[in-house]
There are 2 protein chains.
Amino acid sequence: MMTANDGLKQELIEQFGTPCAVIDLDIVDRNIAHLQSLCDAAGIANRPHIKTHKSPFLARRQLDAGAIGITCQKLGEAEVMAEAGIENILIATNIIGAARSGRLAALQRRIPLKICADNPVSLAAYAEAGQAAERPVRVLVECDTGQKRAGVETPEEAVALAQIIRDDPWLEFGGLMFYPPVDGWPATQLFLDSARGGLGELGLVADIISTGGTPNLVNLGRLDGATEHRAGTCIFNDRMMMAAGVAAIGDCALNIFTSVVSRAGETRGILDAGSKTFTSDTGGLDGFGLIREHPEARIHKMAEEHGFLDLSGCKAPPAVGDIMRVVPNHVCVAVNMFDQLVAVRGNDIVDVLPVAARGRLV
Amino acid sequence: MMTANDGLKQELIEQFGTPCAVIDLDIVDRNIAHLQSLCDAAGIANRPHIKTHKSPFLARRQLDAGAIGITCQKLGEAEVMAEAGIENILIATNIIGAARSGRLAALQRRIPLKICADNPVSLAAYAEAGQAAERPVRVLVECDTGQKRAGVETPEEAVALAQIIRDDPWLEFGGLMFYPPVDGWPATQLFLDSARGGLGELGLVADIISTGGTPNLVNLGRLDGATEHRAGTCIFNDRMMMAAGVAAIGDCALNIFTSVVSRAGETRGILDAGSKTFTSDTGGLDGFGLIREHPEARIHKMAEEHGFLDLSGCKAPPAVGDIMRVVPNHVCVAVNMFDQLVAVRGNDIVDVLPVAARGRLV
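Fair warning: this is a prediction, and the values are worked out from it, not measured in the lab.

Cut-offs and rules
- Residues numbered from 1 in each chain as written.
- Chains lettered and ligands numbered in written order.
- Predicted model: local features only at pLDDT ≥ 70, side-chain atom pairs only at ≥ 80, totals over all residues.
- Axes fitted to C-alpha atoms, helices over the stretch in contact; angles between N-to-C directions.
- Helix = DSSP H or I, 4+ residues; strand = E, 2+ residues; numbered from the N terminus.
- Left-handed = near helix turned anticlockwise from the far one by under 90°.
- Contact = placed C-beta atoms within 7 Å.
- Nonpolar A, V, L, I, M, F, W, Y, C, P; charged D, E, K, R; others polar.
- Pairing = 2+ DSSP bridges.
- Buried ≥ 20, exposed ≤ 12 C-beta atoms within 10 Å, placed from the backbone.

> Just checking my understanding: could you explain the packing of helix H8 (residues 155-166) of chain A against helix H9 (residues 185-201) of chain A for this structure?
Two numbers describe a pair of packed helices, the interaxial angle and the distance between the axes. Residues and elements named next belong to chain A. Close contact between H8 and H9 brings their axes to 9 Å; oriented N to C, the two are set at 35 degrees. Taken as a pair, H8 and H9 cross one another with a handedness that is right-handed. For the pair formed by H8 and H9, the contact residues are Pro155, Glu156, Ala158, Val159 and Ala162 on the first element and Phe191, Ser194, Ala195, Gly198 and Leu199 on the second. For the contact of H8 with H9, the residue count by class is 7 nonpolar, 2 polar and 1 charged.

Encoded structure:
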């Protein structure tokens with residue numbers, strides 16, 4: 001039985017081969033509007049994280065829908081976005097390596113950046129860049145309230161860094177940045193309230209109080225004082241977001257089209273997409289992706305170019321040459337493996353978007 | 001105390017920032033020569049797999065050292081190598097998606113390819129490409145002797161595919177391809193002997209009997225009838241090869257230079273290199289890499305841009321801003337994350353090599 005999807009699959013494989021990353025712009029548009037409406041309803045500014053799509057075209061769509069600016073994870077991503085004319089950028093990591101290469105100063109000369117820091121060494125590197133650029137760097141102090149990643153662990157440390165920032169002519173205090181665990185918002189409130197007290201004693205006000213994460217959209221509006229939110233994954237969604245209960249399969253905008261290239265065993269098969277396509281991120285889930293045509297199949301293992309299929313649960317397993325649409329576990333890292341995204345609306349190919357900020361490691 | 005390494009670290013971060021992938025060409029040269037000498041000693045032709053380095057420059061060095069040709073995993077890799085003037089190429093996967101996109105025919109028109117197949121659908125795609133290119137495609141039948149990946153499971157199936165190849169004017173039978181488990185060489189011998197009998201009855205001779213894998217170098221010469229070997233990782237080596245007992249730390253040619261960007265907790269820290277740099281491949285090992293300066297530190301978790309350090313075992317833990325040289329668990333997938341490799345000899349930067357076949361998914 002030929003379906004409308006089969007026509008698209010045929011067209012995709014003939015034009016691009018497999019594996020091929022395909023986004024449905026109808027779903028993307030809906031996801032962008034949904035995020036904006038959640039932020040609007042909570043009275044929180046929307047600063048989406050572009051690490052998910054790495055595309056200036058899609059960043060521009062987010063801004064057009066109402067976002068006040070964007071978040072980048074690396075300086076190299078910010079460089080790509082600035083090149084595309086986007087100026088309101090927060091870099092949400094300590095970027096010592098990029099700072100010391102001189103590239104931070106070069107970008108700061110072009111646009112006034114906001115960057116986070118959780119230590120004096122980062123601050124010194126930013127101040128040096130600010131001085132070289134002859135424009136102070138605006139710094140958010142990164143605060144940890146449970147993720148145990150980067151971020152100072154106490155309000156006192158946050159205030160101490162704010163003081164260093166205040167006292168440096170090439171730095172400007174911009175506010176506080178949080179990435180709270182989904183169940184860590186009460187603790188974050190305590191941290192924030194205490195830090196604001198200390199900042200007040202220094203004569204400082206945190207203009208920006210930033211929170212982050214797509215799963216945290218359920219908490220939007222729960223942090224008194226929060227001004228903006230950084231959500232990335234929800235533009236595409238993925239199997240992890242489905243597992244977290246914040247997206248349904250119909251909200252997943254990106255599918256990886258991959259061919260079954262081997263069926264050497266009765267209950268097993270091989271896809272032409274492995275860890276070089278999906279990455280090895282499980283995101284804590286069983287298997288490496290959801291096959292839309294065969295949800296009962298498991299992608300149980302990855303080699304670089306091979307996805308290992310366990311088909312023992314399939315009544316009608318796929319044959320060699322069949323094309324599968326797979327929702328990846330973690331869409332952000334999968335996008336980073338592709339040079340381009342094929343854009344469709346329903347079953348029509350409408351565009352090819354370069355993943356312009358792909359692989360920007362520095 | 002300033003060491004010679006510190007000077008290199010300073011130069012690297014100023015020129016390239018961190019994370020930065022650095023190969024030592026002295027070690028690379030030694031590793032290339034060592035592989036060739038192992039193959040020569042066993043009387044087996046050397047057809048190194050370029051998936052590890054993805055660099056025409058390094059492929060050329062392998063050929064200059066005595067390799068008879070190269071192995072690629074994807075058509076896109078073969079395209080890059082052919083563009084660089086390399087003509088003796090084996091593609092070691094079923095490439096249905098690339099075949100149906102017309103790219104196989106285009107490359108086959110330029111150079112006579114060798115490709116593997118384990119099923120009639122792949123063969124049909126190759127025959128179509130051969131016809132379009134007006135040059136038959138040389139096919140190796142892929143045989144599985146325990147990896148349960150691609151490859152027919154029985155000699156009878158291998159012979160049946162060889163017959164299809166023989167009977168198709170646009171295909172040519174090239175031989176058999178194996179990727180035996182390290183402890184699966186006796187089973188591979190039984191498979192091979194049986195298949196050769198069947199091939200003989202068809203009037204066919206397997207000119208190429210190919211084996212693969214760096215860990216299998218210990219088995220080189222143990223398969224009667226084998227003609228060539230595909231080894232990839234041993235040009236750089238990595239923590240997995242060390243764990244497999246086939247490389248020492250001094251044989252590891254690639255280090256990822258990464259900065260400590262956060263030390264928010266007493267016994268923990270954050271690197272500016274996460275899964276977007278190392279990938280999430282553990283290779284079955286504990287942690288995600290070996291820090292040369294602090295082998296007692298564990299990289300215990302990865303976020304996209306953050307490597308999580310457990311420093312509880314460190315007497316003198318690194319400080320923010322310190323640059324670490326990390327041997328990745330799995331070097332092939334890490335190389336695929338970089339657009340370039342910085343080449344050094346000892347502590348001197350001597351070249352920058354584009355990872356020209358990076359990200360060739362199709």
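> Honestly, the sheet that holds strand S8 (residues 208-212) of chain A in this entry has me stumped. Any pointers?
All names here are of chain A. If you walk across this open sheet you meet the 8 strands as S2-S9-S8-S7-S6-S5-S4-S3, and the pairing is parallel. Either end of the sheet is taken by a strand with one partner, and the two such strands are strand S2 (45-46) and strand S3 (70-72). As defined by bridge partners, S8 adjoins strand S9 (residues 228-230) across 3 bridges and the pair is classed as parallel. Among the inter-strand pairings, Gly212 is bridged to a residue of S9, identified as Arg230. Relative to the sheet, helix H4 (residues 75-83) contacts S3 and strand S4 (89-91), its axis offset from that of S4 by approximately 170 degrees.

> Please explain the pairing of strand S1 (residues 20-24) of chain B as it appears in this structure.
Sheet faces and side chains relate simply in a regular strand, where the side chains alternate between the two faces. Residues and elements named next belong to chain B. Most of S1 sits inside the fold, with 5 of its 5 residues counted as buried. In terms of strand pairing, S1 meets strand S10 (residues 254-265) through 4 bridges, oriented antiparallel. Note that in S10 the partner of Ile23 across the bridge is Leu254. Sheet analysis places S1 next to strand S16 (residues 340-345), joined by 3 bridges and oriented parallel.

> What should I look at first to understand the environment of Val344(B) in this one?
Its location among the elements puts Val344(B) in strand S16. Setting aside its immediate chain neighbours within four residues, Val344(B) contacts Leu8(B), Val22(B), Asp24(B), Ile349(B) and Val350(B).

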